[in-house]
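Overview (structure and organization)
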Amino acid sequence: MKYQIVIAGFGGQGVVFLVKVLAICAGNRDIAFLGTENHGMSQRGGSVSCDIKIGDFTNPVIDKNQADLMIALEQNEGLRNVSYLKLDGTLVTNAKDKDDYPKLPFKGFAKIDAFKKAEAGEFPIQGLNVYMLGIALATDKNFPFSVKEVKDAITQMNAKVAKQNIEILDHAMRDIKEL
Amino acid sequence: MKQTLMGNDAIAWGLVHANVDMVSGYPGTPSSEILGVVQKIKHQLNLDIYAEWGTNEKVGFEVAYAGAIAGKRTCATMKQVGLNVASDALMSASYIGNLGAMLLISADDPGFHSSQTEQDSRVFAKFARIPVLDPATPQDAYDLTKYGVELSEKLQIPVMLRPVMRVCHAREIIEMDRETNFSPNKGKFERNVARWGAVPRDGRFAQGVEQLNRIEVIKEYNWDTLLKSEFDKCMGKDTLIITSGTGYGFVKETLNDLNLEADVVKVLMPYPLPVTQIHKRFKAYSKVLVIEEPYPCIEEQIACDKVYGKNTDTVHKIDEMSKEAILNALSNINLYDGENIYKTPPSLNFDVEARPPALCPGCPHRDVYYAITKVFKKKKAIYPSDIGCYTLAIAQGAIDTILCMGASVSMASGFSLSDPDKTTVATIGDGTFFHSGIPPLLNAIYQGHKFILVILDNSTIAMTGRQTTPSRSNRNIDIKKIVEGMGIDCIEHHYSHEMQDNIDFFKKVKEVHKSATGPTVVVVREFCILDRERAVDYVPGIFAQVDADKCVACDQCTTVYKCPPMAYNDDGKIEIDPFLCAGCGGCLDVVCPTDAFIQDFDYLKRGK
Ligand SMILES: Cc1ncc(C[n+]2csc(CCOP(=O)(O)OP(=O)(O)O)c2C)c(N)n1
Ligand code: SF4
Ligand code: SF4
């Protein structure tokens, strides 16, 4: 299997948390994993994008037109990075419920206003990363890991907050079905 | 045992598994996590390890180096520009050598992600004539850390490990030793003045001859143990690609993506290279392409007619590696003539507003700079600054120059001498002051240079991940006392979330400075909002909202104060993003000319 995922957001949104969760998923199934994270300067609220390559790869960076999936934790950070996504890939993005979102040519697509949901108290804002992971899980038919595998990894990451995170994940998967 | 690790974690484990029990260094992205993880392992496994931050890289290097002279296995960690600071020690250490082992880790940052230069530490190793190892992945980083420590002890010379950001901050499932059987060397200094205290000319000359001979031996060793088998694996293709570090991974994938064939040699030790043996192997090829980053280190050692690289304009010369850059290089040597597969339709290039890094919401640095620019007006002032989170105040128009750590103070001297009609107001963080701000302040005091120095004391090295400063670990070390010890006053101010207090303070400083004959030094006691230990005591929990009737969209807050939660809404009024506001209360006073920022008492009810 070869699968490449870009996660885009800004500093403080917990992009690196998602990288770690997916790394654990890969480890549990004993498939090769190579990813790259942003630390340092870019963490001060600036744009952050992390690359995840699952399967037989030798460098951790994703080039343009290569990713199978992009999870965008914020609308503009998604648009900034869409050139990394293949046309037959899937884009999952947090974006405002307005009509001005551009028409995009990707095969798979899901858009949801996660900020609005957090503001309405449906989940705490710190869980927005996990929420969008749930949207991706439910949208991308080729997602390399099962819901159970992801939940197990979330539990392994931090058992203390696992219950809340798993609830958020389920919440997201319900929301996307209702869309 | 399989483990999912970031490159820097892998290096830390490599050090422990190589029985290194002295690690000292200085934080700097992308190297910072290495020492922190060693500290964690030390506590987890209850190991007797010295793992501490030095006051700067030179200090860090020298502590570790002395340990290696005394027979221990040691390590110094730093980022590439940190090596500039430690280079004086390194240049001599490479003549003198060591009895135990010393691994020097200098992490490079191709692409300028978090650094002021794109310099190549491998070239520095070549300059210092010490061997350097270049890992391609976290697995390599683990293996080469252990290898480098062994090599250093065997050759009795410091060995450099040069990971780049894409190794330090890459994450991979790696194979590492199952057991940690930690058995460090016992330190025992053996007097040998002729070696440890070699003086010019005869002593050092003799060591210089030894150094040259040693490099020849290492070249042979590089060939016999690392390179020869790589060349032997080659399949007799028409093109040879020689690569090191991350370049290897990019080359392999690009060839695969493009369905091309070439022999690929991965160089683990890019200096010193056994050039004669390598050249012999060139006979079989029409072209040799060198892929490495960021400088042409291998290329310059093996240059000949057949070699293509940066110096022949075949390969990119600046910015980080990408498969697209390699595709272009392969086109340049006519190995590839297809389309650029690493390109998406132009319709997918969206012009979205940049989101540069910014001071955190509620960061005291923002308020202090705001107050400084209110009191010392731009037209009549020069603002030299330094390196740290506070550098981000450049977005507030409160910083004119940034050079390297510590330079704010010495450059303030230079500006005050060359343009005395303006008031020079320099700013420096506490971490940077300890690192390299003290000697230039001494200089300014004894020579009577008239400028204002503001030391922003948040009691942490925030930018690189909140490592502890000397004063944090030992309260007796106090910046105010250090300045007073140099023979001048140090005016102290405690940051206040009421802006007027900060402005009043700097007005007072301005008065004091009028009659000064030398530098006026100020220490502002702050905190870092991400500092869990201290921030709780300082953040008042005053959250902001905007009185829309009062907001006249004057842009003052978004251009001069610039706290990230502030942005225009669809009605053309400023709104505070409730997810971002830190509750510092800083914007409630002075910042808005119409006083539109008011306290949001319902904030907590709305759930954060
Ligand atoms: C020679 C050198 N070493 C290390 C670094 C990495 N670095 C960037 S900022 C910084 C220190 C910042 O600490 P401080 O001055 O206390 O400011 P703060 O970030 O806390 O505001 C360091 C070590 C560097 N840029 N140059
Ligand atoms: S990390 Fe701390 S010092 Fe740096 S910008 Fe944020 S609050 Fe300020
Ligand atoms: S209170 Fe004002 S200055 Fe402080 S974090 Fe909130 S918006 Fe920023």
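Residues numbered from 1 in each chain as written. Chains lettered and ligands numbered in written order. Predicted model: local features only at pLDDT ≥ 70, side-chain atom pairs only at ≥ 80, totals over all residues. Heavy atoms only, no water.

Right, let's get into the overall build of chain B. Within chain B, the regular secondary structure consists of 21 helices and 21 strands. Here chain B has a C-alpha radius of gyration of 27 Å; the compact-globule value for 608 residues is 25 Å, and the two agree. When the backbone C-alpha atoms are referred to their principal axes, chain B occupies close to 80 × 65 × 50 Å. Looking at chain B as a whole, 58% of its 608 residues qualify as buried. Sequence separation of 24 or more characterises 76% of the internal contacts of chain B that already satisfy a separation of 6 or more. Between the averaged position of the 65 positive side-chain charges in chain B and that of its 77 negative side-chain charges there is a distance of 4 Å. (Helix = DSSP H or I, 4+ residues; strand = E, 2+ residues; numbered from the N terminus. Rg over C-alpha atoms; globule rule 2.2 N^0.38 Å. Buried < 20%, exposed > 50% of the residue type's maximum accessible area, 1.4 Å probe, protein only. Contact = heavy atoms within 4.5 Å. Lys, Arg positive; Asp, Glu negative; His and termini not counted. Charge placed at Lys NZ, Arg CZ, Asp CG, Glu CD.)

Looking now at the domain arrangement of chain B. Its domain assignment divides chain B into domain 1 (2–197), domain 2 (231–332), domain 3 (364–536) and domain 4 (540–608). Distance between the C-alpha centres of domain 2 of chain B and domain 3 of chain B: 48 Å. (Domains from an automatic or database assignment.)

The next thing to look at is the site of ligand 1. Residues and elements named next belong to chain B. In the vicinity of ligand 1 lie 26 residues, with Glu57, His365, Cys389, Gly431 and Thr432 positioned nearest. Tyr390 has a polar side-chain atom sitting 3.4 Å from an oxygen atom of ligand 1. Contact with the protein chains hides 97% of the accessible area of ligand 1, taken as 590 Å² for the molecule alone. For the shell around ligand 1, the elements supplying multiple residues, two or more each, are helix H4 (80–96) and helix H16 (430–447). (Near = heavy atom within 4 Å. Polar contact = N/O pair within 3.5 Å; in protein donor to acceptor, adjacent residues only side chain to side chain. Areas by Shrake-Rupley, 256 points an atom, 1.4 Å probe, with all protein chains shown as cover.)

Once that is clear, we can look at the interface of chain B and chain A. Contact residues are listed per partner, giving 49 residues for chain B and 49 residues for chain A. Area buried by chain B at its contact with chain A is led by Arg171(B), Arg355(B) and Phe579(B), which between them contribute 19% of it. Across the chain B-chain A interface, the total number found is six salt bridges. Here Glu77(A) and Arg355(B) are joined by a salt bridge, their closest N and O atoms 2.6 Å apart. Linking chain B with chain A are 20 residue pairs in polar contact (both at pLDDT 80 or more), by the criterion used here. Breaking the side of chain B that touches chain A down by element, the ones donating at least two residues are strand S1 (2–6), helix H7 (165–168), strand S8 (170–175), helix H10 (246–258) and helix H13 (323–332) of chain B. The biggest single contributor to the side of chain B that touches chain A is H10(B), with six residues. Classifying every residue of the side of chain B that touches chain A gives 24 nonpolar, eleven polar and 14 charged. (Buried area = accessible area lost by both parts, 1.4 Å probe. Salt bridge = Lys/Arg side-chain N within 4 Å of Asp/Glu carboxyl O. Nonpolar A, V, L, I, M, F, W, Y, C, P; charged D, E, K, R; others polar.)

Residues and elements named next belong to chain B. Taken together, six strands build an open sheet; the order of strands is S3-S2-S4-S5-S7-S6 and the sheet is parallel. Where the open sheet ends on each side, the last strands, each with one partner, are strand S3 (50–53) and strand S6 (132–133). Each of strand S2 (22–25), strand S4 (73–79), strand S5 (101–107) and strand S7 (159–161) touches helix H1 (residues 7–17); the most contacted strand, S5, lies at about 175° to it. (Pairing = 2+ DSSP bridges. Axes fitted to C-alpha atoms, helices over the stretch in contact; angles between N-to-C directions.)

Here we have eight strands laid out as an open sheet, ordered S6(A)-S5(A)-S4(A)-S1(A)-S3(A)-S2(A)-S8(B)-S1(B), and mixed in their pairing. Two strands bound the open sheet, and with one partner strand each, they are strand S6 (108–112) of chain A together with S1 of chain B. The sheet shows a mean angle of 20° between the axes of neighbouring strands, direction not considered. Bridging between strand S1 (residues 2–10) of chain A and strand S3 (residues 47–55) of chain A involves nine bridges; their strand directions are antiparallel. Of the residues in S3(A), the one forming a bridge with Gln4(A) is Lys53(A). Those strands touched by helix H4 (residues 128–139) of chain A are strand S4 (67–72), strand S5 (85–94) and S6 of chain A, and its axis lies near 135° from that of S5(A).

All names here are of chain B. When pLDDT is averaged along chain B, the result is 96; 99% of the residues meet or exceed 70. Of all secondary-structure elements in chain B, the lowest mean pLDDT belongs to helix H20 (residues 532–538), at 92, while S7 reaches the highest, 99. Taken over the whole predicted complex, pTM reads 0.97, whereas the ipTM for its chain interfaces reads 0.96. (pLDDT = per-residue confidence, 0-100.)

Turning to the site of ligand 3, a few remarks are in order. Taken together, 14 residues are adjacent to ligand 3, and Cys563(B), Cys581(B), Ala582(B), Cys584(B) and Cys587(B) come closest. When the residues that make up the shell around ligand 3 are grouped by side-chain class, the tally is eleven nonpolar, three polar and no charged.

Residues and elements named next belong to chain B. Put simply, helix H15 (residues 407–418) and H16 touch, their axes get as near as 7 Å, and they point 25° apart. Here H16 runs roughly parallel to H15, going by the angle between their axes. Along its contact with H15, which presents Val409, Ser410 and Ser413, the element H16 presents Gly437, Pro440, Leu441, Asn443 and Ala444. Looking at the contact of H15 with H16, its residues break down into four nonpolar, four polar and no charged. (Parallel < 35°, antiparallel > 145°, perpendicular 65-115°, else oblique.)

Take the packing of helix H9 (residues 202–232) of chain B against helix H11 (residues 275–282) of chain B next. All names here are of chain B. With their axes 10 Å apart at the nearest point, H9 and H11 run at an angle of 15° to one another. Considering the angle they form, H9 stands roughly parallel to H11. Crossing hand, H9 versus H11: right-handed. Taken together, the residues of H11 that come into contact with H9 (itself represented by Glu220, Trp223, Leu227, Lys228, Phe231 and Asp232) are Gln277, Ile278 and Arg281. (Left-handed = near helix turned anticlockwise from the far one by under 90°.)

All names here are of chain B. By the definition in use, this model includes 44 salt bridges over all chains. Among the salt bridges present, the one from Lys422 reaches Asp419, with a minimum N-O distance of 2.7 Å. Residue Lys422 is classed as partly exposed on the basis of its relative accessible area, which comes to 32%. When salt bridges with common partners are traced through the structure, they connect Asp108, Asp120, Arg122, Asp134, Arg162 and Glu292 into a single cluster.

We now examine a positive patch on the surface. Together, Lys374(B), Lys377(B), Lys380(B), Lys507(B) and Lys510(B) make up a positively charged patch on the protein surface. In this fold, Lys510(B) is placed in helix H19 (residues 499–514). (Patch = residues over 30% accessible without salt bridge, like charges linked within 9 Å, V, L, I, M, F, W, Y side chains within 5 Å.)

With that settled, the discussion passes to H10(B). Here H10(B) contains 13 residues, and its C-alpha end-to-end distance of 19 Å stays within 8% of the 18 Å for a straight helix at 1.5 Å per residue. Within the sequence span of H10(B), burial applies to Thr246(B), Gly247(B), Gly249(B), Phe250(B), Val251(B), Glu253(B), Thr254(B), Leu255(B) and Leu258(B). In this structure, the buried residues of H10(B) make contact with S3 of chain A together with H7, strand S9 (239–244), strand S10 (263–267), strand S11 (287–291) and H13 of chain B. Two residues or fewer past H10(B), Asn259(B) is found with a positive phi of approximately 60°. (Expected span 1.5 Å × (residues − 1).)

With that settled, the discussion passes to a nonpolar patch on the surface. Residue and element names in this part refer to chain B. A cluster of nonpolar side chains, contributed by Tyr50, Val59 and Val63, occupies part of the molecular surface with about 200 Å² of accessible area. Topologically, Val59 is positioned in helix H3 (residues 57–69). The partly exposed category is assigned to Val59, whose relative accessible area is 30%.

So, on to the packing of aromatic side chains. For the coordinates displayed, the defined rule picks out twelve aromatic pairs over all chains. Ring geometry for Tyr101(A) versus Phe109(A): centroids 5.9 Å apart, planes at 35°, classification tilted. Assessed through its relative accessible area of 40%, Phe109(A) is described here as partly exposed. Ring-pair connections join several aromatic residues into one group, and the members of that group are Tyr495(B), Phe527(B) and Tyr538(B). When the ring centre of Phe205(B) is taken as origin, the NZ or CZ atom of Arg201(B), which lies over that ring, is 4.6 Å away. Here the basic side chain of Lys287(B) rests over the ring of Tyr308(B), its NZ or CZ set 5.9 Å away from the ring centre. (Phe/Tyr/Trp six-rings, centres within 6.5 Å; stacked < 30°, edge-to-face > 60°. Lys NZ or Arg CZ within 6 Å of the ring centre and 35° of its normal.)

Another aspect to go through is the environment of Val15(A). Residues and elements named next belong to chain A. Relative to the helices and strands, Val15 resides in helix H1 (residues 15–29). Separated by 78 residues in the primary sequence, Val15 and Thr93 have C-alpha atoms spaced 13 Å apart. Every residue in contact with Val15, bar those within four places of it in the chain, is listed here: Ile7, Gly9, Val48, Cys50 and Leu73.

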